[in-house]
Amino acid sequence: LDETYALLHRGVHEVGEETNQAQQYASALYAVCRTHLMLGFIALMRLHSRASFQETRTALEAAGIACAITRDSKSAEIFAADDGTEARRRDVRKQFKTDVIFPSDDPLLAGLKEQWDLAAQLSHTNAVTLKRHFGSGIEFSCQDISRDALSTTLPKQFMWQCHAHVGILVAADRAFESLLP
């Protein structure tokens, strides 16, 4: 997966002059996805599933934004104009709502939304994520994957993360379709 992200980034930059600003931003967003892939797997290997889900959620969101800015010029303009001021941040939040970056009429992006929803549920503070720190006992653990569940939970979540990142990379075809031969 890591090498596929690297190939994507190199491929977009090799095209060079044929890319527009939105595609350049989208390429940078996919580089961010690559970073979150690594951070998510590191968190998972440390048995911190909440942090792992949070990193994957951020990568899914970045992929959705990359697709939005490459298909809609208004989204690209708002993204490019974000200078961190309160007014620009408000514009960004308004423009890149979940239903915009993961439209329900697009099966590929709707699938990423389902993964984003699960990652959000398992990365936010709630009863489910709190209980994972206690496992079957009353003693709190900083790690939220218990040693008892290690042989089942770790491979299952590892595969889920891989599946999410494959979906993200498939969505890159949508973001960069005008550059494809």
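Computed from a predicted structure; not experimentally measured.

Engineer: I'd love a proper account of the overall build of the protein, names of residues and values included.
Structural biologist: When helices and strands are counted, the protein shows nine helices and zero strands. Written out in order from the N terminus, the α and β elements of the protein read α-α-α-α-α-α-α-α-α. A globule of 181 residues ought to have a C-alpha radius of gyration of about 16 Å, and the protein, at 18 Å, matches this closely. For the protein, the C-alpha atoms occupy an extent of roughly 60 × 35 × 30 Å along the three principal directions. Within the protein, the fraction of its 181 residues that count as buried is 40%.

Engineer: Got a sec to walk through the side chain of Ser75? Specific residues and values, please.
Structural biologist: Inspection of the secondary structure assignment puts Ser75 in helix H4 (residues 73-81). Residues within four places of Ser75 in sequence aside, it is in contact with Ala68, Ile69, Gln95 and Phe96.

Engineer: Got a sec to walk through the packing of aromatic side chains? Specific residues and values, please.
Structural biologist: Throughout the structure, instances matching the rule amount to seven aromatic pairs. Plain terms: the ring middles of Phe79 and Phe96 are 6.2 Å apart, the flat faces sit at 85° to each other, and that makes the pair edge-to-face. Placement of Phe79 in helix H4 and of Phe96 in the loop between helix H5 (86-95) and helix H6 (98-101) is noted, with a sequence separation of 17 residues between them. For Phe96, a relative accessible area of 9% translates into the label buried. Grouped by ring-pair contacts, the aromatic residues Tyr25, Phe79 and Phe96 constitute a single cluster.

Engineer: Go over unusual backbone geometry with me, naming the residues and quoting the values.
Structural biologist: Unusually for a residue other than glycine, Leu47 sits at a positive phi of about 70°. Secondary-structure assignment places Leu47 in the loop between helix H2 (21-45) and helix H3 (49-71). Taking relative accessible area as the criterion, Leu47 reaches 5% and is therefore assigned buried.

Engineer: Could you give me a rundown of helix H1 (residues 2-15), with the residues and numbers involved?
Structural biologist: Quick reminder: α-helices carry 3.6 residues per turn. Residues three or four places apart thus point the same way. With 14 residues, H1 should cover 20 Å at 1.5 Å per step; its first-to-last C-alpha distance of 21 Å lies within 8% of that length. Along H1, the positions that sit buried rather than exposed are Tyr5, Ala6, Leu8 and Val12. The buried residues of H1 occupy an angular sector of 160° when projected down its axis, which confines them to one face. For H1, the secondary structure elements touched by its buried residues are H2 and helix H9 (150-175).

About the criteria used
- Here the residue numbering is sequential within each chain, running from 1 through the sequence in written order.
- Per-residue local features of the predicted model are confined to residues with pLDDT of at least 70, and side-chain atom pairs are confined, for both listing and counting, to 80 or more; whole-chain, interface and lining totals are unaffected and use all residues.
- Note that the side-chain values use all heavy atoms of the structure and ignore hydrogens as well as water.
- Comment: elements are numbered from the N terminus, with helices defined as DSSP H or I runs of at least four residues and strands as E runs of at least two.
- With C-alpha atoms as the basis for the radius of gyration, the globule rule is written as 2.2 Å multiplied by the number of residues raised to the power 0.38.
- Burial classes: relative accessible area under 20% of the type maximum marks a residue as buried, over 50% as exposed, and values in between as partly exposed (1.4 Å probe, protein chains only).
- A contact between two residues is defined here by any heavy atoms of the two lying within 4.5 Å.
- Each Phe, Tyr or Trp ring, with Trp reduced to its six-membered ring, pairs with another whose centre is within 6.5 Å; inter-plane angles below 30 degrees give stacked pairs, above 60 give edge-to-face pairs, and intermediate values give tilted ones.
- Here a helix's expected span is defined as the number of its residues, less one, multiplied by 1.5 Å.
- Taking the helix axis as origin, the arc is that swept by the directions to the C-beta atoms.

Interpretation in functional terms is not warranted from these geometric data alone.
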